[in-house]
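A structural walkthrough
One letter stands for each residue in the lines below.
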Amino acid sequence: MKKILIFLLLLSGFYFAAFAGDIESYKQYTIIKTTNNYVPLRDGASDNAKRFSHLEKGVKIFADEYKNNFYRVDLGLDKYYWINKKDVDVTSKTIKKEPSKINEIKIFEDEKYYTAKIKLTEIPPYNEIETSKNSVDFIIYDSILDKENLIQTIETNANFKISKDEFNNLKISYFSNVPLSGHNVQIDGDNLLLKVKKPFLYGENKPLENLTIVIDPGHGGKDPGAVRNNLKEKDINLEISKKVKSKLKKLGADVYLTREKDEYKGLYERVDFAKEKNADIFISIHQNSYLDRKNENKKEGTSAFYYNKESYNLADEIKNAIVKRTKLKDDGTNLASLAVIRTADPVSVLIECGYIANKKESEKLSDSNFQKKLARAIVSGVKNYLRNNF
Ligand SMILES: [Zn+2]
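What comes next concerns the included structure. (Residues numbered from 1 in each chain as written. Predicted model: local features only at pLDDT ≥ 70, side-chain atom pairs only at ≥ 80, totals over all residues. Heavy atoms only, no water.)

1. Here's the deal with the overall build of the protein chain
Each helix and strand in the protein chain was counted, giving six helices and 25 strands. Considered along the principal axes of its C-alpha atoms, the protein chain spans approximately 100 × 55 × 30 Å. When the accessible area of the protein chain is evaluated, it comes to approximately 19,600 Å², of which 49% is carbon and sulfur surface. Distance between charge centres in the protein chain, computed from 66 positive and 56 negative side chains, equals 5 Å. (Helix = DSSP H or I, 4+ residues; strand = E, 2+ residues; numbered from the N terminus. Areas by Shrake-Rupley, 256 points an atom, 1.4 Å probe, with all protein chains shown as cover. Lys, Arg positive; Asp, Glu negative; His and termini not counted. Charge placed at Lys NZ, Arg CZ, Asp CG, Glu CD.)

Have a look at this one:
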């Protein structure tokens, strides 16, 4: 009896060891699909981790681990990326990663965009990497060229280059001799559309003709923004924005405000509104505050914010024009990852005209004549941006 028991224990031990060995010999992937647009793929398993890429709805991803509500994604690069489970659906599991096949690459142009249309068996993860103000690389991961059946057509003289990145992923590069006017990726059925906006035009007579500009008066409704005594940031933002709108219209632009009155609008609602309008330029108008209440009178001046490289010039021109025309202090042109300015199409900037927290400056900001001066300066900044870059 004893002998048999020992034998059984040994046997189960061996069996268990053999089975465990088997598990280690392959990876299991969870296949997930993005369910929202502009989904961040991040450097770490946290909503604060750096953004690596943004994915539209319908991207198929192989995840190899799950922790803290994030799926881990191995793109075959030298590090892992993470995607929040709230942005994806789990579709199935697999032990083999099947790369998507690229059947067709077609590069063409229409009135507003240059487009590289990539036809695939399924939509894999991708990235838009700004290599300079003037150039962008589109990279397509987890895919292979279907060499036997591949159709390649190029119907534009724009500067596109088809190559591979250091990890052997398809790379479509675009470069221009002027700063980019926006780029984005869209999904259309089995096609990835890699889009670059054609350079803006500048004409002396009606310099803003053909441009669609969205002005975003920050805050509103239940969200007053920065407050000093009875002065609310949301009201100043709206007043300045309305004045900017009427001046831009006179120069030929199509102009829209994200809110026309004192009402609440979410940050992504404002971004979506600009997309719906096919905006070329997006300007968010704000007044600054300073968290250190004791020293708030020491902070003053105008600052501008951008996220994408190509938006820097617009931010800087507007800030410079305000500083020049209003004599407010130069508080810098700064990189910031803010929801309303993260998209690269439209070219997007956020302007903090001045400090509502600063007593002297708040008196100026609430004055209607000073607001007119600010509006004129913002419009002149837009004109300078177009004149100096295009
Ligand atoms: Zn604000």
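That was the structure; now back to the text.
2. Thoughts on the sheet that holds strand E11 (residues 135-140)
A sheet is described by the order of its strands in space; here four strands give the open sequence E10-E11-E15-E14, paired in antiparallel fashion. Each edge of the open sheet carries a strand with a single partner, namely strand E10 (126-132) and strand E14 (160-164). Neighbour-to-neighbour, the strand axes of the sheet open up by a mean angle of 20°, direction not taken into account. Two elements, E11 and strand E15 (residues 170-175), share six bridges in a ladder whose sense is antiparallel. Its bridge partner lying in E15, phenylalanine 138 is registered against isoleucine 172. (Pairing = 2+ DSSP bridges. Axes fitted to C-alpha atoms, helices over the stretch in contact; angles between N-to-C directions.)

3. Side note on the nonpolar core
In terms of nonpolar packing, the biggest core is built from 40 residues, with Leu208, Ile213, Ile215, Ile281, Ile283, Ile318 and Val382 touching the most fellow members. With nine residues, helix H6 (residues 368-389) is the single largest residue contributor to this core. When near neighbours in sequence (up to four residues on either side) are disregarded, isoleucine 283 contacts Val214, Ile215, Asp216, Ile318, Val349, Ile351 and Val382. Counting 38 residues, the second largest nonpolar core, distinct from the first, contains Ile32, Val59, Ile140 and Leu180. (Core = buried A, V, L, I, M, F, W, Y, C linked by side-chain atoms within 4.5 Å. Buried < 20%, exposed > 50% of the residue type's maximum accessible area, 1.4 Å probe, protein only. Contact = heavy atoms within 4.5 Å.)

4. Some remarks on the packing of aromatic side chains
If you walk through the whole model with that rule in mind, you get eleven aromatic pairs. Between tyrosine 114 and phenylalanine 160, the aromatic rings sit 6.3 Å apart at their centres with planes inclined by 75°, giving edge-to-face as the arrangement. Of this pair, tyrosine 114 sits in strand E9 (residues 113-120) while phenylalanine 160 is found in strand E14, placing the two residues 46 residues apart along the sequence. Taking relative accessible area as the criterion, phenylalanine 160 reaches 15% and is therefore assigned buried. An angle of 80° between the planes, with centres 5.6 Å apart, marks the rings of tyrosine 385 and phenylalanine 390 as edge-to-face. You can call tyrosine 385 buried: its relative accessible area is 0%. In this structure phenylalanine 390 comes out as partly exposed when scored by relative accessible area, which is 22%. In textbook terms, an aromatic cluster arises when at least three aromatic residues are bridged by ring pairs, as seen for Phe52, Tyr81 and Tyr141. One residue, lysine 106, lies across the ring of phenylalanine 108, its end atom 5.4 Å from the ring centre. Across the ring face of tyrosine 256, the terminal group of lysine 277 is positioned such that the distance to the ring centre comes to 4.6 Å. (Phe/Tyr/Trp six-rings, centres within 6.5 Å; stacked < 30°, edge-to-face > 60°. Lys NZ or Arg CZ within 6 Å of the ring centre and 35° of its normal.)

The quantities given are spatial measurements derived from coordinates; they are silent on function.
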